[in-house]
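Here is how the chains run, residue by residue.
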Amino acid sequence: MWIRKVVAGAFGALRDRELELAPGLTVVHGENESAKSTWHAALTVGLCGRRRGAGRSSADADFEARHRPWDLEETWSVGVELQLDDGRRIEIDRDLHRQRSQVVDIGLGGRPVADDLMRDGSPDASVWVGLDRASFSSTAGVRQAEILSVNDEPGALMDFLGRAAASAGGSESAASAMERVVRFRKENVGSDRVNAVKPLRIAMNNVAAAQAELGDARRVHADYLAAAAQAEQYRGHLSQLEQRLAAIRLAQSALEVDVAQVRFDRLSEWAERCPDNEPVAPLSTDLAPLLAAHAQMKALRAPAALDTRPIDVIEGELLAVPVLPEGPMLVDSETEASVACWHSESAQLSAWRSNQPAPAVDGPAPGDVRVLADRIQQFVERPTADLELELAHLATERVDALSAATDRTRLRVTGAVVSVSGLAAVALAFAAGLGAAFAVLGVILLVLGALLVRRPAGHSSVLMRNVERAEAIEVEIESRRVHNAAVEASRIQCFEQLKTWGLSSEPATAVAMAEDQAAATERAKRWHRELADRAEALEQASTLAHALLDQYTDRSGNPAVRLNNAHSRCEELRVVEQASRASVGLEAELARSREYAAAHERFDADRNAAIDQLLAVAAQFGLSGSIHEVVSRIPALLAQREVEQADHDRRRTDWVRLQERLGGLTLDEHRRRLDVLANEHRLAVDACADNPVRLDFAHDVAAVDEAAAATEDRLRRAREAAATAQGRLDQLRVTCPDVAIAEAVLLQAESGLERVELLHSTLDHTERFLERAQEQAHRMLAPQLESEVTRWMAPVTGGRYDRARVDPETLQMRLRESTGRWRDASLVSHGTAEQVHLVLRVVLAKILTRPHEQCPLILDDPTVHADARRKIEMLEFLREVSRETQVIVFSQEAQVIEWAAERLDPVIDRSISLIDGPDTEADPVDESGAIPLPGSVA
Amino acid sequence: MRLVAFSDLHLDAPFARGGPALVRLRRAALREALIGVAQLATSVDADAVLCAGDLFEHDRVSPDTAELLRRTFAELAPTPVLLAPGNHDWFGASSIYATTAWSSNVHVFSHSALEPFRLSERLVIWGAAHQAPSGTHGLLDNFSVARAWQRDADESARAAGDLVHIGLFHGSEESDFTLQADPDKVLHAPFRSEQIAASGLAHAVVGHYHLRREASTHTYPGNPAPLSFGERGDGGAVVIDVGADGSVTRRWERICSLEVHDLEVDIGGLGDAAAISDALTSLLAGHGGVARVTIVGEVAPTLDLDLALKSEIAHGLDQLELRTGRLTDGYDLHHICEEPTVRGQFVRDVLESDLDDDEQRRVIATGLRALSGRDDLEVA
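Each chain carries its own residue numbering, running from 1 in the written order of its sequence. The naming scheme follows written order: chains are lettered A onward, ligands numbered 1 onward. Whole-chain, interface and lining totals are the exception, using all residues; otherwise, since this is a predicted model, local features are given only for residues with pLDDT of at least 70 and side-chain atom pairs are given and counted only at 80 or more. With hydrogens and water excluded, all non-hydrogen atoms of the structure serve as input to the side-chain values.

## So, the overall build of chain A
- Secondary structure assignment for chain A yields 25 helices and 17 strands.
- The buried label applies to any residue whose accessible area, calculated with a 1.4 Å probe on protein chains only, is under 20% of its type's maximum; exposed applies above 50%, and partly exposed to all values in between. Among the 938 residues that make up chain A, the fraction classed as buried is 40%.
- Residue contacts are counted whenever heavy atoms from the two residues lie within 4.5 Å of one another. Sequence separation of at least 24 residues holds for 72% of the intrachain contacts in chain A that already meet a minimum separation of 6.
- Split by element, the accessible area of chain A, about 51,400 Å² in all, is 54% carbon and sulfur. Runs of E in the DSSP output that reach at least two residues are strands. Runs of H or I that reach at least four are helices, and both are numbered from the N terminus. For the area figures, the Shrake-Rupley method with a 1.4 Å probe applies, and any residue is considered shielded solely by the protein chains shown.

## What to know about the interface of chain A and chain B
- At the interface, 64 residues of chain A touch 55 residues of chain B.
- Buried area is calculated as the accessible area (1.4 Å probe) missing from two parts once they are joined, with the contributions of both summed. Between chain A and chain B lies a buried interface of about 4,600 Å² when both sides are counted; carbon and sulfur atoms form 61% of it.
- On the chain A side of the contact with chain B, Arg180(A), Leu225(A) and Phe769(A) bury the most area, a combined 12% of that side's loss.
- What counts as a salt bridge is simple: a side-chain nitrogen of Lys or Arg found within 4 Å of a carboxyl oxygen of Asp or Glu. Seen at the junction of chain A and chain B, the total is 5 salt bridges.
- Two N or O atoms form a polar contact when they lie within 3.5 Å of each other; inside protein one atom must be a possible hydrogen donor and the other a possible acceptor, and for residues adjacent in sequence the pair counts only when both atoms belong to side chains. For the interface between chain A and chain B, the tally reads 15 residue pairs in polar contact (both at pLDDT 80 or more).

## Quick look at the environment of Glu488(A)
- Examined against the element boundaries, Glu488(A) turns out to sit in helix α14 (residues 458-501).
- Through-space distance from the C-alpha of Glu488(A) to that of Ile376(A) is 9.9 Å; in sequence the pair is 112 residues apart.

## Focus on the packing of helix α6 (residues 174-188) of chain A against helix α21 (residues 739-796) of chain A
All names here are of chain A.
- Here the axes come from fitting lines to C-alpha atoms, over the contacting stretch only for helices, and the angles between their N-to-C directions go from 0 to 180 degrees. Remark: α6 packs on α21, axes separated minimally by 10 Å, with the N-to-C direction vectors making an angle of 165°. Put simply, α6 runs roughly antiparallel to α21. Crossing of α6 against α21: the hand is left-handed. Of α21, the residues touching α6 (which contributes Ala174, Ala175, Ala177, Met178, Val181, Val182, Phe184, Arg185 and Asn188) are Val756, Leu759, His760, Leu763, Asp764, Thr766, Glu767, Leu770, Glu771 and Gln774. Just so you know how the angles are binned, under 35 degrees is roughly parallel, over 145 roughly antiparallel, 65 to 115 roughly perpendicular, and the rest oblique. Take the far helix as the reference: if the near one is turned anticlockwise from it by less than a right angle, the crossing is left-handed, and if turned clockwise, right-handed.

## Some thoughts on the packing of aromatic side chains
- Note on aromatic contacts: the rings of Phe and Tyr and the six-membered ring of Trp form a pair at centre separations within 6.5 Å, being stacked when their planes are under 30 degrees apart, edge-to-face when over 60 apart, and tilted otherwise. Per the counting criterion, the structure on display carries 12 aromatic pairs over all chains.
- An angle of 35° between the planes, with centres 6.1 Å apart, marks the rings of Phe63(A) and Trp76(A) as tilted. Residue Phe63(A) is found in helix α2 (residues 58-67), and its partner Trp76(A) is found in the loop between α2 and β4 (77-83); the two are separated by 13 residues along the sequence.
- Trp76(A) sits in the buried class, given a relative accessible area of 0%.
- Aromatic ring contacts, followed pair by pair, group Phe56(B), Phe73(B), Tyr97(B) and Trp102(B) into a single cluster.
- Geometrically, a charge over a ring is one whose NZ (Lys) or CZ (Arg) sits within 6 Å of the ring centre while staying within 35 degrees of the ring normal. Geometry around Phe769(A) places Arg768(A) over its ring, the cationic atom sitting 4.8 Å from the centre.
- Over the face of the ring belonging to Trp822(A) we find Arg805(A), whose NZ or CZ atom lies 4.4 Å from the ring centre.

## Some details on the pattern of salt bridges
- Counted under the stated rule, the structure contains 77 salt bridges over all chains.
- In this structure, the salt-bridge partner of Arg15(A) is Asp71(A), at a minimum N-O distance of 2.3 Å. On the criterion of sequence distance, the pair formed by Arg15(A) in strand β2 (residues 14-20) and Asp71(A) in the loop between α2 and β4 is long-range, its members being 56 residues apart.
- Looking at Arg15(A), the relative accessible area reads 27%, which means it is partly exposed.
- On the accessibility criterion, Asp71(A) (43% relative accessible area) is partly exposed.
- For the salt bridge of Arg185(A) with Glu767(A), the shortest nitrogen-to-oxygen distance reads 2.8 Å. Highlighted residues: Arg185(A) in helix α6 and Glu767(A) in helix α21, separated in sequence by 582 residues. This pair shows no difference in class: Arg185(A) is buried, exactly as Glu767(A) is.
- In this structure, a network of salt bridges that share partners links the residues Asp738(A), Asp12(B), Arg27(B), Arg31(B) and Asp64(B).

## Focus: the confidence of the model for chain B
Residues and elements named next belong to chain B.
- By definition, pLDDT measures how confident the predictor is in each residue, and it falls between 0 and 100. On average, chain B scores 88 in pLDDT, and the residues at 70 or more come to 93%.
- The lowest-confidence element of chain B is helix α7 (residues 310-313), averaging 64 in pLDDT; the highest-confidence one is strand β3 (residues 81-83), averaging 98.
- Across the whole predicted complex the pTM is 0.60, and at the interface the ipTM reaches 0.87.

## Concerning the environment of Val361(A)
All names here are of chain A.
- With respect to the helices and strands, Val361 occurs in the loop between α10 (333-353) and α11 (366-378).
- The class for Val361 is partly exposed, based on a relative accessible area of 43%.
- Considered as a pair, Val361 and Gln517 are 156 residues apart in the sequence and their alpha carbons are 6.4 Å apart.
- Every residue in contact with Val361, bar those within four places of it in the chain, is listed here: Gln517 and Thr521.

## Things to note about unusual backbone geometry
All names here are of chain B.
- With an omega of 10°, the peptide bond between Ala77 and Pro78 qualifies as cis.
- Here Pro78 is to be found in the loop between α2 (63-75) and β3.
- One non-glycine residue, Asp12, adopts positive backbone phi at about 75°.
- For Asp12, the location among the structural elements is in the loop between β1 (2-6) and α1 (20-43).

## Some remarks on the sheet that holds β4(A)
All names here are of chain A.
- By the convention used here, strands pair only if DSSP detects at least 2 bridges between them. If you trace the 6 strands from one edge of the open sheet to the other, you get β2-β1-β4-β5-β6-β7, paired in antiparallel fashion. Two strands lie at the open edges of the sheet, namely β2 and β7 (111-112), each paired on one side alone.
- Here strand β6 (residues 100-105) runs beside β7; their pairing, made up of 2 bridges, is antiparallel. The residue bridging Val104 from the neighbouring strand is Pro112, located in β7.
- Contacts between helix α1 (residues 36-48) and the sheet are confined to β1 (2-11), β2, β4 and β5 (89-95), with β1 contributing the most and set at about 110° to the helix.

## Re the nonpolar core
- Working definition of a nonpolar core: buried Ala, Val, Leu, Ile, Met, Phe, Trp, Tyr and Cys residues. They are joined through side-chain atoms within 4.5 Å. Counting residues in hydrophobic clusters, the biggest one holds 93 residues, and the most contacted among them are Phe11(A), Leu82(A), Trp128(A), Leu785(A) and Met813(A).
- With sequence-adjacent residues up to four places away left out, Trp128(A) is seen in contact with Met1(A), Leu82(A), Leu84(A), Arg88(A), Ile90(A), Val103(A), Val113(A), Asp116(A), Leu117(A), Arg850(A) and Glu853(A).

## Some remarks on the confidence of the model for chain A
All names here are of chain A.
- Averaged over all residues, the pLDDT of chain A is 84; the fraction at 70 or higher stands at 92%.
- Element-level pLDDT for chain A is lowest in helix α25 (residues 934-937), with a mean of 31, against a maximum mean of 94 in β4.
- Taken as a whole, residues 921-938 scores under 50 in pLDDT and shows 32 contacts with residues more than four places along the chain or in a different chain.

Written out as structure tokens, the structure reads:
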């Protein structure tokens, strides 16, 4: 197949333009911006079309942005005319805007032929050569950037080879695709190890958990159903027991009615024999009060007689006994001691008064006198004679000092004159030029004068000190004179005071006199104080003695007198006390006599009362007369009453028995009760009409009661069991899991696992088939690549490489240099790599193309970076290739244009300037479309 | 006499291949359907309510379902409710038929042989129970109304010939079996339609088949709501008027509000997920309830079919399930097979392998995606 013509109706910047292409090599050249790339795209899309359908990829969007006419809204079209190897001429018109394409066979009058070309919604003419629009673009359409890429990456060549071998130039090599599968499986399936965390393990865990959950749910659900059945079974059993108990109760009811009837009949008989009311005991029946009164009377006893005198006699003797006076009968020792103390204090006071000292004298205090004496003795006068002698000596020294001061004044005047003279001499020596000697003399005078003026003033200072000392001595002398006058005045004053006090003017004597006077005064004061103390003690002793004596006598006399009176009084009392002791015995005798008289009086009263009581009670029982008559008739009365009581007791016993059988009810009430029981029994019989239980011991009371007890016990246990079963059922009703939900959860988990396992299986198969396909495809491609590349290697490299070798496992290619050395194709120079890549593209296009088909090659500036030599080699290579298949080269290079002008065969090749149009004559092809053989052109 | 009959409610049954949410949804819908039966019976003044089995699922029945049944039927009192247990709700000691304290108007047929229930002076309902989940013999085999009536009825009853006899049981009419188009269905208690008349029954209300059947001799009410996608779910409650001569007129009433849709969408020619989403949204517009959409058609090679997109399009639906059906990938495998490349070899090898068609499709799509550098290697 080759492309005869490409028509750009409206494509990019092209409008109604077309390129007539040659079956051999067509070189389309033009400067930059001359629409070479646009023609390249128009050729490709015109041949292969675009994918049609909803949505678009980024590549589609990029293509549209680049090549849709920007100034036309609904027009975007391109077309190609093809010449197929079978002779057909095909015209393809593509309305890219409406995504419609028309493929017609020109030779058949424009009959559509697109059916077998449709790929992704639009016809793809590359299908005719065994490619599709993707693989065509990757192999037959060679872009400049692809050739350049081999220079940027050493492995790009082999990578391209791998991708081409894998998918005719797809984006992945087989190895990469397998790596991608493995990586995807690792992330999206993972391992089934227990500790794995990827989807497969997670899904397996989910299934296991859901299975366990469902197992639990089914087990608990089965428990629930079983518990419900068991509860129902217990309910049935309970119902049977209740029916049996109902039958037993019915039998009991029947028996109870029978018993009640019998009892009622007996009661009726009893009632006929018994009084209606309780028998009343006869009034006289109770003789207890009479007997009690009799017994009480008989129980009284008279008091025993006493051997005592009459009361009045004893009372007379008691009146004759004297009355004991009040007061103590002995003087106590304390009173005796207090009177003795009073005696002692009185004697001591008298003795003290007899020793009174001389009276006290008033005088100065010895201390005051001693102060005056000390002051007198301490007064000392200060003498002035030494100071007056020194004052005279100082007056003499002053006169001498005044003379020396006059001499010093004179010397200073002389010095000043000499100094002035010297100064004048020096001045003249310099001013008048009197010579050095005169000047020296002047200086000497000057110095000498200064020394005289500066002589010390020693005599003047001595004079000054002398004057100052004389003044000080005069002040001191005056001070001493004043002091002595003051001492004398004080001494006179002290003597005056001593005289006033009447003491001696001699200080020591005066002090001794003062001390004697003070001692006498002190003694007088001490005697008076002692006298007062002793008087007070006597007064206290007198007071105490009188107070103690008050209980014995009146207050006449001193304590000694009163003590004697007290002794006398006590003696008198002791005599009276002796006489009054005889009254005690009389009083005891009197008390006993009075007690006996009272007891006897009470006995008489009680006896009379008992007799009255007995008579009164006896009267109630019909007995009268004297007490003796009454007492004698009591035994007969007792015998009569015993007979009456026996009759009453018998009748009451019968009545009590009847009441006991009636049980607190009346006979009518018993009749009504019997009626109720009979009615209830009839109802029970009706209620048990459907009860299937029949008792064969219904008339045996003991058996019925025993069966009732046993059935009640069984019923109680059955109720407990039923309640337990119901409780368990109720609990299971609450906790019973949802089996359907658990099944759904398991189903989901299994579905998830199934999905992952399916993915696992698919990925495993994919990897296995890819690996096998890679091996087989490489084994098949390797020799073809090796053969084809070897064929072209020497021409395209100018003989630098002459042979290629391809590893069938890895498709790694090695090239043999002219020297015979083999080199890895990835390690050849950049220029050679470009040449090898070009060869590979051509070779792969040939290999991938369907056998016996020719695939056009469209190359965009394939030589732009090659040096001049390689450029020529590559162009020559392409020219050779174009003898087998159509080659279209777009270029802007002058060297290429020149080469084309020189080397293109005007018969089967063409050079087209995009500015000027075809450089060579068009349409070298005959109408049949047959391409001349390469050899024929030459 | 007017009867309201239903069957195959399958309370507490999971929706086949549905998740927990769908189980809950369907459960609620079926419970509403049960209440709908009661309301229908009241509204049409039915003389009795008949259930021909599979009222619930014994292995999954929940305690509150038992209580719901008890309460619903009790509220119908004194209208008789006659229940004939089927193979899913078979009668046994642990069955809630046996363990529930039914109200007096409820009668559960508990014997494996047909027994009479005197519904009125003229009408007798003959019912039987499955007593095991499988293996129940044909309930009409060797059955004769006259013979059974003589055995079971009391002496004061009329002769069998003076009465109208209606059968109520769970079984498989053999000729209807092929009509049911349910591969999971198994014959239980099989019978032939001619056995009905031969036995002396005027008509039979039968459960088991989920598609309703209005035969001259018998009636399958059908299940009120599908148990799985693919079932038509055209059943419901049947109002049956029984004439004095035993003739019946039937009217189906829909009692379940749950819509179940089983749909299919062809995504051929749709190039991306947005287009598929649009197609699904358009397909599901106006639908409610539960829907399953089977995606078929040719998938563009560049498309990553994401079944997780359902949340975006399930507006208005209670539940949506997406699955893939007869999908083909938009690869020109014939063309690829001609390639002398790894890809061509790969496709050739897979197509020649003994993998099943679906697995071949997934392996080829996965491999081709990997070779084209795609990361979406999980093929729906």
